[in-house]
Amino acid sequence: MADDDYFRLLDRAKDVLPETIENHERFELPELDILQEGKITVLRNFIDVTDKVRRDPQHLLQFLLKELGTPGNIDGRRAVFKAKIAPQNIKEKIETYTETYVICSECGLPDTKMIREDRTLILECEACGARRSINVRKSAKPDSANVLREGDIIDLFVSDIGKKGDGIGKYLDYLVIVPGSSKGTSVRAKITNISAKTAFGQATTEASTR
Ligand SMILES: [Zn+2]
């Protein structure tokens, strides 16, 4: 086959398959049109963004308000933030949203939908069929960090003495009772029993686990 024929064929293939080629391009958000108006910041093409990622405008808005720590609302096709926010900051948050709630981690395409299964949010890709759970990054400590478990070894400051003469201290939001400990001292204790927000501990020399 002559080179000319080959290139002609290649051109024709491109004409026939524009969608395939387009699909392999990296997903890009629309250029954000952000305006500062005194103490408010307006994302003028907010709906263009939610159209592009195919998500409920309220869902993205609530995410942004929480992440940016500002009140705001949707006004027509615009999102209005009641604070002065750097455009770069808004862009980064929308990128985080897209990575978390939109982009398929397998094929990188945005052709996904969110499904709620039990209490888990699942991202399902319509392009490649991949599914993953949506892990929402929390700015606060995960709950498990605030929960005491049997077997935990903690360092407790004994701030009180109970009626039976046992030392009592506060740890997280638990009252921890350690028999034999003295008020005003620190004691290392192994948690042996937990009942609601009261825990019993035993003085120990083992290394702390928390
Ligand atoms: Zn995919």
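This section reports on the structure supplied with the text. (Residues numbered from 1 in each chain as written. Predicted model: local features only at pLDDT ≥ 70, side-chain atom pairs only at ≥ 80, totals over all residues.)

## A short note on the overall build of the protein
- For the protein, the count of helices and strands is 5 helices and 13 strands.
- Per-residue burial for the protein yields a buried fraction of 19% across its 210 residues. (Helix = DSSP H or I, 4+ residues; strand = E, 2+ residues; numbered from the N terminus. Buried ≥ 20, exposed ≤ 12 C-beta atoms within 10 Å, placed from the backbone.)

## So, the nonpolar core
- Of all hydrophobic cores here, the largest spans 17 residues; its most connected members are Leu43, Phe46, Val49, Ala79, Ile90 and Ile94.
- Ignoring anything within four residues of it in the chain, the contact list for Ile90 reads Leu32, Ile34, Leu43 and Ile85.
- Membership of the second largest hydrophobic core comes to 11 residues, among which are Ile154, Leu156, Tyr174 and Ile191. (Core = buried A, V, L, I, M, F, W, Y, C linked by C-beta atoms within 7 Å. Contact = placed C-beta atoms within 7 Å.)

## Remarks on the environment of Arg54
- Mapping Arg54 onto the fold places it in the loop between helix H3 (46–53) and helix H4 (57–68).
- The sequence separation of Arg54 and Asp111 amounts to 57 residues, and the corresponding C-alpha distance is 8.4 Å.

## Topic: the sheet that holds strand E4 (residues 78–81)
- Ordered by their spatial adjacency, 4 strands build an open sheet running E1-E2-E4-E3, and the pairing between neighbours is antiparallel. The sheet is open, and its two edges are formed by strand E1 (34–37) and strand E3 (72–75), each paired on a single side. Here the strands of the sheet are splayed against their neighbours by 20° on average, with no regard to which way each runs.
- Of the strand pairs in this sheet, E3 and E4 are connected by 4 bridges, and their pairing is antiparallel. Counterpart to Ile74 in the pairing with E4 is Ala79. (Pairing = 2+ DSSP bridges. Axes fitted to C-alpha atoms, helices over the stretch in contact; angles between N-to-C directions.)

## Focus: the sheet that holds strand E11 (residues 174–178)
- Pairing in this open sheet of 6 strands is mixed, and the strands run E8-E12-E13-E11-E10-E9 from one edge to the other. The open sheet has two free edges, formed respectively by strand E8 (153–157) and strand E9 (160–161), since each of these has just one partner strand.
- Strand direction decides the pairing type here: strand E10 (residues 167–171) and E11, joined by 5 bridges, are antiparallel. When the bridges of E11 are listed, Tyr171 appears paired with Tyr174.

## What about the environment of Thr198?
- Of note, Thr198 is situated in strand E13 (residues 198–203).
- According to the C-beta neighbour criterion, Thr198 is exposed, with 12 such atoms within 10 Å.
- For Thr198 and Leu175, which are 23 residues apart along the polypeptide, the C-alpha to C-alpha distance reads 4.8 Å.
- With sequence-adjacent residues up to four places away left out, Thr198 is seen in contact with Tyr174, Leu175 and Ile177.

## Notes on helix H5 (residues 87–101)
- The terminal C-alpha atoms of H5, which comprises 15 residues, lie 21 Å apart, in line with the 21 Å expected from a rise of 1.5 Å per residue.
- What H5 keeps buried is the set Ile90, Ile94 and Tyr97. An end-on view of H5 places all buried positions within 55° of arc, on one side of the element. The exposed set on the far side of H5, more than 90 degrees from its buried face, consists of Gln88, Glu92, Glu95 and Glu99.
- In the core, the buried residues of H5 are packed alongside E1, strand E2 (40–43), H3 and H4. (Expected span 1.5 Å × (residues − 1). Arc of directions from axis to C-beta.)

## Details of H3
- Within H3, the full set of buried residues consists of Phe46, Val49, Thr50 and Val53. Along the axis of H3, the buried positions cluster into a sector of 90°, meaning they face one direction only.
- Summarising the contacts, the buried residues of H3 are in contact with E2, H4, E3, E4 and H5.
- At the C-terminal side of H3, Arg54 shows a positive phi close to 55°.

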